[in-house]
Amino acid sequence: MTHQEAQAEIQRLTALVRHHNVLYYQESAPEISDYAFDQLLERLTQLENQFPTLRLPDSPTQKVGEQPTKNFVTVHHRHPMLSLSNTYSEAEIHNFFQKAQKLLQGEPMELFCELKFDGVAISLSYKSGILERVVTRGDGKKGDDITKNAQTITTLPKRIRAKGIPQYFEVRGEVLMPRACFEALNKERLAQGEGPLANPRNTAAGTLKMIDDKIVAQRLLTFYPYALKVDEIALRTQEASIHLLEEWGFATSPTYKKCSTIGEVISYINYWSANRNNLPVDIDGIVIKINSLAQQEKLGYTTKSPRWAIAYKYKPTRVATILEKVGYQVGRTGAVTPVAHLKPVLLAGTTVKRASLYNNNELKKLNLCLEDSVFVEKGGDIIPKVTGVDIAQRKVGSKPIIFPTHCPACGTVLVQYGADVGYYCPSEKTCPPQLKGRIKHFVHRKAMHIASIGSKTVDLLFDKGLLRTPADLYQLRYEEICLLEGFKKTATRNLLQGITQSKKTPFEKVLFALGIRHVGETVAEKLAHHFQHIDALIQASEEDISLVPEVGKKIAYSVKTYFLDADNLKLVAALKHAGLQFNVSTTPITTEKQPLAGKTFVISGNFQRLDRTLLKTHIKRHGGRLLTAVSKNVDYLVTGKKAGPAKLATAQALGIQVLSEEKITNMMGL
Ligand code: IVH
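This write-up is about the structure you can find in this document. Note that this is a predicted model, so its numbers are computed, not measured. (Residues numbered from 1 in each chain as written. Predicted model: local features only at pLDDT ≥ 70, side-chain atom pairs only at ≥ 80, totals over all residues. Heavy atoms only, no water.)

Let's talk about the sheet that holds strand E19 (residues 636-639)
Part 1 of the argument: Reading across from one edge, E18-E17-E19-E20 is the order of the four strands in this open sheet, with parallel pairing throughout. The open sheet has two edge strands, strand E18 (625-626) and strand E20 (657-659), and neither has a second partner.
Part 2 of the argument: Two elements, E19 and E20, share three bridges in a ladder whose sense is parallel. Residue pairing in the sheet places leucine 637 in a bridge with valine 658 of E20.
Part 3 of the argument: On the sheet, helix H23 (residues 645-654) packs against strand E17 (600-604), E19 and E20 and is oriented at approximately 145° with respect to E19. (Pairing = 2+ DSSP bridges. Helix = DSSP H or I, 4+ residues; strand = E, 2+ residues; numbered from the N terminus. Contact = heavy atoms within 4.5 Å. Axes fitted to C-alpha atoms, helices over the stretch in contact; angles between N-to-C directions.)

Quick look at the structure:
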């Protein structure tokens, strides 16, 4: 390669690595696999080593990738958060071992192997045993203060009670979304007509940067520590650090192993390569560390990574198979999603017949033809993905796959909305999969929770002409259902009973069940409790709606547009007529279930689980009386965050019992 060619190649690779760094770290939306990224970076490093004068001063090979994002306070790390040098080959592990051995002049060495958790690196600082601050890795020198969000992670100790706890120490580790939680979240998204999230790592990263910590809490993230930085205790080994963290109440992953030989390390690598699918979280390799901290200090660091550790990364599980056809699914919102139908193939322990192609852009990029030999990957992603085509195998005259111009279900010309890359079928009133999708959403566990009607039953009832809208559910008759295949007496009775019971579903769930675009469970709750009654919401202006906390302009527009539509108003009227709940319940529960009867309450501050209005409603429903000022007539002061100090002082002076949110909700059995 000439000097000039090398220069051009270095420039091209630098631009590519930068581009993918932004996608990965700032937008949490990578377009290529980690493996492909590492290949790019390695090629760039090689060329720079070969032509050192061509290395750009700010080359990405010299920096850790992420740039801190906006909206969060930037904090400088006391100790930089570096990355690890990566390898995909056993030979390099021998190399690493030999280099370390040489630098340590033949001293005996122990190795400590850990899993390389595929999540988000964070640093926790503790003062006198109390968790003070949580910061993301950022660019390695400074990151974002995400304390509030990280505090919702239940496995992360907020306070450590142990003898001899140091004044100050830092814990480094990885935040992860367990695979089961990720799958549940995606299922829920699909049920709500939203696209699936790509993988647990990006979802964890996105979650930690959310504004609303209540949503973070619902996402059930977890944390595994892998390093302790403390000056006040003389630790000897990485193993001792991990054990001390365990003593202090940190949940570590019990997968680490002390090894004395490279052979043992290779067995560890092979064991986890075969068993990684049984872990609750994703890993993308293993980390090999020199166990002795004194030896680590002797070995030191390069500008980017420690010389005392190396990461062995697993290649993504990838297989080749034949693309038999591309199908198109139409969701409840009309979004058309291409799905690859594959010749069944075994991949990471499961037989794969379908793989996601995400959207028309992805399809275009792949440039697929029918009968192509395609590569299917299951990296951190749960849903297998078509990642490339083996062009060399393409048969002459193969037919290219072209995204349809018309809806595959109803034939309407597809449209695009604004900046959204997806194509949509605009026939929302007549397109069968959209109509079915809305009914499936309506009966969903998180909406009306009609357990006696699953997706197949909706299809059957729809195809038999018994259902068009959710309101038709309440018109179904015994005689017409028991004639259907699979519906004998009991099944029919159960089905109808489920529908009748659903009439008691509270207003906020009914509102969510309507399936208004962008109105998820939380927004539905906020809207219901703000407006109290559907008529108030229907009459509200777009501006009124956008004033509700956490409801932005996009949601307000969507809600207003929904209620300007005559068919939607007809649906609401029919559901009202059927007896569904369209206002926040104020009816007191039966007297024997009124644990707060005769007691008087004042509430002060902001609450976590129930918002203020909802908390008041519950207190009243459980027999309590509410007052606004603390006096001797008050039995309890309920305090949330930022409770009024004057109220608290008065309560203390008068000997009035102060209740936390947890206490009061417990008293009401919530
Ligand atoms: S030790 C000096 N141990 O991998 C860096 N890192 O490329 C020491 N990671 O950002 C890191 N599992 O987030 C270490 N068992 C483990 C790890 C681990 C995952 C991540 C970490 C870091 C990246 C390094």
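Let's pick the thread back up.
Some points on the sheet that holds strand E10 (residues 283-290)
Part 1 of the argument: Strand order in the open sheet made by the five strands is E2-E11-E10-E3-E9, with mixed pairing throughout. Two strands bound the open sheet, and with one partner strand each, they are strand E2 (86-87) and strand E9 (257-259).
Part 2 of the argument: Sheet analysis places strand E3 (residues 111-117) next to E9, joined by three bridges and oriented antiparallel. Bridging from a neighbouring strand, phenylalanine 112 pairs with lysine 258 of E9.
Part 3 of the argument: Sitting on the sheet, helix H8 (residues 238-247) touches E3, E9 and E10, and the angle it makes with E3 is about 55°.

Section: the site of the ligand
Part 1 of the argument: Inspection of the region around the ligand gives 14 residues, with Glu114, Leu115, Glu174, Tyr226 and Lys289 positioned closest.
Part 2 of the argument: The contact in question runs from an oxygen atom of the ligand to an N or O atom on the backbone of leucine 84, over 3.0 Å.
Part 3 of the argument: Arginine 137 places a side-chain nitrogen or oxygen 3.1 Å from an oxygen atom of the ligand.
Part 4 of the argument: When the ligand sits alone it has 520 Å² of accessible area, and the protein chains cover 89% of it.
Part 5 of the argument: Of all the elements in the fold, those that place two or more residues in the shell around the ligand are E3 and E10.
Part 6 of the argument: With four residues, the single largest contributor to the shell around the ligand is E3.
Part 7 of the argument: Tallied by class, the residues present in the shell around the ligand amount to eight nonpolar, one polar and five charged. (Near = heavy atom within 4 Å. Polar contact = N/O pair within 3.5 Å; in protein donor to acceptor, adjacent residues only side chain to side chain. Areas by Shrake-Rupley, 256 points an atom, 1.4 Å probe, with all protein chains shown as cover. Nonpolar A, V, L, I, M, F, W, Y, C, P; charged D, E, K, R; others polar.)

Some thoughts on unusual backbone geometry
Part 1 of the argument: Phi at glutamate 371 is positive, roughly 70°, even though this residue is not glycine.
Part 2 of the argument: Mapped onto the fold, glutamate 371 is located in the loop between helix H11 (360-366) and strand E15 (373-378).
Part 3 of the argument: We classify glutamate 371 as partly exposed; its relative accessible area is 40%.
Part 4 of the argument: With phi around 70°, histidine 518 is a residue other than glycine that occupies positive phi space.
Part 5 of the argument: Residue placement: histidine 518 occurs in the loop between helix H16 (507-513) and helix H17 (521-531).
Part 6 of the argument: Taking the relative accessible area as the measure of exposure, histidine 518 reaches 40% and is therefore partly exposed. (Buried < 20%, exposed > 50% of the residue type's maximum accessible area, 1.4 Å probe, protein only.)

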